[in-house]
Amino acid sequence: MATRRRKATAAEVRALAHPLRLRIIRALYDGPASNKELAGRLHEDPATVFYHVRTLTKTGFLKRAGTRPGARGSVEKLYASTGKSWRISVDSGLPARGGVSQAMLDAFLAELRDAGPDSIVGTARLALVLSRERVGELQSRIEALLDEFADTYDDGGERVAVFYALHRRA
């Protein structure tokens, strides 16, 4: 595990244990948006999205990113991702940890459905038999590679998402 990650608090784990919250965080990686814009992008009711935006703001995963004029003289509040979700570890044995893993999978599948079947750049699937130490080594090396790419931003680059899961087989 990368040393820059800290263990998530119970409140942070609970906040990440919902697929819509993870989709909101991911949608805001592309830049600030209003609640109305998020609801439209995610095909969700604005009140539902706002409930989750408040939870994510309260736990530090989102931040206010200014305002702008809205329809009929209203003022739209903008929100942005803080990047915090990548800097914490939910592997701390907290009760909702399994819920976060399932939420990640559900969010990824929803994003993939929204992007369409032609959006897939590559996939890989592999069954292994490894000692506990080698499993830890594999996990550390993959996470180090993901950390390396997470710290870069290519102007004008292609927007891609990565879903990584390592699980024990039945």
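Notes on the structure follow. Throughout, residues of each chain are indexed from 1 in the direction in which the sequence is written. Thresholds applied to this predicted model are a pLDDT of at least 70 for local features of residues and 80 or more for the giving and counting of side-chain atom pairs; totals over whole chains, interfaces and linings are not thresholded and use all residues. The basis for every side-chain value is the complete set of non-hydrogen atoms in the structure, without hydrogens or water.

## Quick look at the pattern of salt bridges
Oppositely charged side chains may form a pair once their charged atoms are brought near each other. Put simply, the rule is: A carboxyl oxygen of Asp or Glu within 4 Å of a side-chain nitrogen of Lys or Arg is what we treat as a salt bridge. Every helix listed is a DSSP run of H or I at least four residues long, and every strand listed is a run of E at least two residues long, numbered separately from the N terminus. Note on classification: 1.4 Å probe, protein chains only; a residue is buried when its accessible area is under 20% of the maximum for its type, exposed when over 50%, partly exposed between these limits.
On inspection of all chains with the given rule, the structure shows 12 salt bridges. A salt bridge links Glu44 to Arg23; the nearest nitrogen and oxygen atoms lie 4.0 Å apart. Highlighted residues: Glu44 in the loop between helix H3 (35-42) and helix H4 (46-58) and Arg23 in helix H2 (residues 19-27), separated in sequence by 21 residues. On the basis of relative accessibility, which here comes to 9%, the residue Arg23 falls in the buried class. One network of salt bridges, with partners in common, ties together Arg5, Glu143 and Asp147.

## Observations concerning the packing of aromatic side chains
Under the convention used in this document: Side-chain rings of Phe, Tyr and Trp, where Trp is taken by its six-membered ring, are said to pair if the distance between their centres is within 6.5 Å; with planes under 30 degrees apart they count as stacked, over 60 as edge-to-face, and otherwise as tilted. Think of it as a cone above the ring: NZ of Lys or CZ of Arg counts as a charge over the ring if it is within 6 Å of the ring centre and within 35 degrees of the ring normal.
Summed over all chains, the structure comprises 1 aromatic pair. Centroid distance Phe108 to Phe163: 5.0 Å. Interplanar angle 25°. Geometry classified as stacked. Of this pair, Phe108 sits in helix H5 (residues 97-115) while Phe163 sits in the segment after helix H6 (132-150), placing them 55 residues apart in sequence. Classification of Phe108 as partly exposed rests on a relative accessible area of 23%. The class of Phe163 is partly exposed, set by a relative accessible area of 31%. Of note, Arg5 hangs over the ring of Trp86, and the distance from its end group to the ring centre comes to 4.4 Å. Across the ring face of Phe61, the terminal group of Lys84 is positioned such that the distance to the ring centre comes to 4.8 Å.

## Digging into the sheet that holds strand E2 (residues 33-34)
Let me state the cut-off plainly: A pair of strands counts as paired when DSSP detects no fewer than two bridges linking them.
The 3 strands lie next to each other as E2-E4-E3, forming an open sheet whose pairing is antiparallel. Strands at the two margins of the open sheet, each flanked by one partner only, are E2 and strand E3 (62-69). Pairing analysis gives 6 bridges linking E3 to strand E4 (residues 75-81), with the strands arranged antiparallel. Each bridged residue has a counterpart across the sheet, and for Lys63 the counterpart in E4 is Ala80.

## Quick notes on the nonpolar core
Side chains of nonpolar character tend, in soluble globular proteins, to be buried together. Stated formally: To form a nonpolar core, buried Ala, Val, Leu, Ile, Met, Phe, Trp, Tyr and Cys residues must be joined to one another through side-chain atoms within 4.5 Å. In this analysis, two residues are considered to be in contact whenever any of their non-hydrogen atoms come within 4.5 Å of each other.
Formed by 25 residues in total, the largest nonpolar core has its most connected members in Leu16, Ile24, Leu28, Leu38, Val53, Phe61 and Leu62. When contributions to this core are tallied by element, the ones reaching two or more residues are helix H1 (10-16), H2, H3, H4 and H5. At 5 residues, H2 tops the list of elements feeding residues into this core. Not counting residues up to four positions away in its chain, the partners in contact with Leu62 are Ile24, Ile25, Leu28, Val53, Leu56, Thr57, Ala80, Ser81 and Thr82.

## Let's talk about the layout of surface pockets
Think of a ball as big as a water molecule: rolled over the atoms, this probe shows where empty space is left. Definition in use: In this analysis the probe radius is 1.4 Å and the grid spacing 1 Å, with only protein atoms considered; a cavity is a set of points the probe fits into but cannot get out of, a pocket is an open set with protein on both sides within 12 Å along at least five of seven lines, and lining residues have an atom within 4 Å of a point. Grid points are joined across faces, edges and corners, and a volume is the space filled by probe spheres set on the points. Residues were grouped as follows: Ala, Val, Leu, Ile, Met, Phe, Trp, Tyr, Cys and Pro as nonpolar; Asp, Glu, Lys and Arg as charged; and all remaining residues, including Gly, as polar.
By volume, the second largest pocket is sized at about 180 Å³. Taken together, Ser34, Asn35, Lys36, Pro46, Phe50, Val75, Glu76, Lys77 and Tyr79 form the lining of the second largest pocket. Those elements that place two or more of their residues in the lining of the second largest pocket are H3, H4 and E4. Counting residues per element, the lining of the second largest pocket draws most heavily on E4, at 4 residues. Per-class residue counts for the lining of the second largest pocket are 4 nonpolar, 2 polar and 3 charged.

## Some points on the packing of H3 against H4
Describing two packed helices takes the angle between their axes plus the distance from one axis to the other. We count it as follows: Axis lines are fitted through C-alpha atoms, for helices just across the contact stretch, and the angle between N-to-C directions can take any value from 0 to 180 degrees. Throughout, the term roughly parallel applies to angles under 35 degrees, roughly antiparallel to angles over 145, roughly perpendicular to angles from 65 to 115, and oblique to all others. Whether a crossing is left-handed or right-handed is set by the direction in which the near helix is turned from the far one by less than a right angle, anticlockwise for left-handed and clockwise for right-handed.
Where H3 meets H4, the axes come as close as 9 Å, and the angle between the chain directions of the two elements is 115°. The pairing of H3 with H4 is recorded here as roughly perpendicular in orientation. As H3 runs across H4, the sense of the crossing is right-handed. Of H4, the residues touching H3 (which contributes Asn35, Leu38 and Ala39) are Pro46, Val49, Phe50 and Val53. When the residues that make up the contact of H3 with H4 are grouped by side-chain class, the tally is 6 nonpolar, 1 polar and no charged.

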